[in-house]
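Letter by letter, the chains look like this.
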Amino acid sequence: MLLDIVVITICGVICGCDDWQQIETFARARRDWLKKFLRLPHGIPSHDTLERVFDRLNPQAFQTCFRKWMQALHQALGLSQIAIDGKTLCGSGVGGRKALHLVSAWATANHLSLGQVAVAEKSNEIPAIPQLLELLDVHGALVTIDAMGCQKEIAAKILEGGGDYVLTVKDNQPTLLAGIQDCFDKALEQDFAGVKQDGYQTQERGHGREELRYYHIIN
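The structure displayed is predicted, hence computed values, not measured ones. (Residues numbered from 1 in each chain as written. Predicted model: local features only at pLDDT ≥ 70, side-chain atom pairs only at ≥ 80, totals over all residues. Heavy atoms only, no water.)

> For this particular structure, what's the right way to read the layout of surface pockets?
Here the idea is plain: a probe the size of a water molecule rolls over the atoms and shows the empty space left. Looking at the largest pocket, its volume works out to about 1500 Å³. Contributing to the lining of the largest pocket are 42 residues, with Ile-10, Phe-62, Phe-66, Trp-69 and Gln-116 lying nearest its centre. Counting only elements with at least two residues in the lining of the largest pocket, the list comes to α1 (2-14), α2 (20-29), α5 (59-77), β1 (81-88), β2 (101-107) and β3 (112-118). Among the residues forming the lining of the largest pocket, the class breakdown is 28 nonpolar, nine polar and five charged. (1 Å grid on protein atoms, 1.4 Å probe; cavity = no way out; pocket = protein on both sides within 12 Å on 5 of 7 lines; lining within 4 Å. Points joined across faces, edges and corners; volume = space filled by probe spheres on them. Helix = DSSP H or I, 4+ residues; strand = E, 2+ residues; numbered from the N terminus. Nonpolar A, V, L, I, M, F, W, Y, C, P; charged D, E, K, R; others polar.)

Right under this line is the structure:
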């Protein structure tokens, strides 16, 4: 059955399988465990069957179903923070091919990958992030992105989805960065007098050093 094949493949990939033969080997080794959840009327499918089935799946239709599944998990788990980040896939740049760069969404508290989008060649993460947000249900979640995602369109898309955001500001947004720095400089000079603000302090020890961090927030 199609559902059996999809579940076997997802479980195999999660456990580190890289090809169809490894997924078949994985499933045969865990047949008794899989039987608790799957029907498997004809036993464990062969690697050729797995490959043929996925060759015939419509990628867009499969992505739509996968997105609905992720949204259902979101609602069931009550995700609080979603971290969006870009990573280059190790070992993907073989045979003269450019390494695959992915933008992924990670539910930090639940240790759950919610989705990923490949960055187009000769491009960067900025166009890929809105595509990834289209796949996610960010309602009620806090979305964190590094400086690459500090764009008006990205912030607006998160708000449209009912989420909140924390975006890192660096030199790629010089006017905004200068405005924030000026705001804090003036507040610090006056010891935050007349400024609605909050603060937080942490002290940690690790890697042979002690770190004392101060956080200042201006509303």
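> Just to check I follow, could you spell out the confidence of the model for the protein chain for this structure?
In regions of low pLDDT, the predicted coordinates are not meant to be interpreted in detail. For the protein chain, per-residue confidence averages 90 on the pLDDT scale, and 98% of positions sit at 70 or higher. Mean pLDDT across the secondary structure elements of the protein chain bottoms out at α5, with 77, and peaks at α2, with 97. (pLDDT = per-residue confidence, 0-100.)

> Got a minute to help me understand the sheet that holds β2 in this structure?
In sheet architecture, strand pairing relies on hydrogen bonds along the backbone and comes in two forms, parallel and antiparallel. Strand order in the open sheet formed by five strands is β3-β2-β1-β4-β5, with mixed pairing between adjacent strands. A strand with exactly one partner marks an edge of an open sheet, and here the two such strands are β3 and β5 (164-167). Each adjacent strand pair in this sheet contributes to an overall mean axis angle of 25°, direction not counted. Pairing analysis gives four bridges linking β1 to strand β4 (residues 142-145), with the strands arranged parallel. Counterpart to Ile-82 in the pairing with β4 is Val-143. Helix-sheet contacts for helix α7 (residues 152-160) involve β4 and β5, and the interaxial angle to β5 is about 155°. (Pairing = 2+ DSSP bridges. Axes fitted to C-alpha atoms, helices over the stretch in contact; angles between N-to-C directions. Contact = heavy atoms within 4.5 Å.)

> Sorry if this is basic, but what is going on with the environment of Leu-102 here?
With respect to the helices and strands, the residue Leu-102 is situated in strand β2. On a C-alpha basis, the gap between Leu-102 and Gln-116 in space is 6.3 Å, while along the polypeptide they are 14 residues apart. Leaving out residues up to four positions away in the same chain, Leu-102 has contacts with Asp-85, Gly-86, Lys-87, Gln-116, Val-117 and Ala-118.

> How do you make sense of the pairing of β5 when you look at a structure like this?
Regular strands place their side chains on alternate faces of the sheet. By the bridge criterion, four bridges tie β4 to β5 in an arrangement that is parallel. Within the sheet, the bridge partner assigned to Ile-145 lies in β5 and is Leu-167.

> Is there a simple way to think about the packing of α1 against α2 in this case?
Between α1 and α2, the least distance of the axes is 9 Å, while the angle of their chain directions is 100°. Taken together, α1 and α2 sit at an angle that is classed as roughly perpendicular. Residues Ile-8, Thr-9, Cys-11, Gly-12 and Val-13 of α1 touch α2, and the partners they reach there are Trp-20, Ile-23, Phe-26 and Ala-27. Residue classes in the contact of α1 with α2 are distributed as seven nonpolar, two polar and no charged. (Parallel < 35°, antiparallel > 145°, perpendicular 65-115°, else oblique.)

> Would you explain the packing of aromatic side chains in this entry?
The description of two aromatic rings rests on the distance between their centres and on the angle between their planes. Here the structure, examined in full by the defined rule, presents four aromatic pairs. Summarising the aromatic geometry, the rings of Phe-54 and Phe-62 are spaced 6.1 Å apart at their centres and angled 70° between planes, so their arrangement reads as edge-to-face. When its relative accessible area of 23% is taken as the criterion, Phe-54 is described as partly exposed. Here Tyr-200 and Tyr-215 contribute two aromatic rings whose centre-to-centre distance is 5.9 Å and whose plane-to-plane angle is 45°, an arrangement assigned as tilted. A residue pair is termed long-range when its members are at least 10 positions apart, and Tyr-200 in strand β6 (residues 197-206) and Tyr-215 in strand β7 (residues 209-218) qualify at 15 residues. Its relative accessible area of 56% is what places Tyr-200 among the exposed residues. Members of the aromatic cluster, each reached through a chain of ring pairs, are Trp-20, Phe-54 and Phe-62. (Phe/Tyr/Trp six-rings, centres within 6.5 Å; stacked < 30°, edge-to-face > 60°. Buried < 20%, exposed > 50% of the residue type's maximum accessible area, 1.4 Å probe, protein only.)

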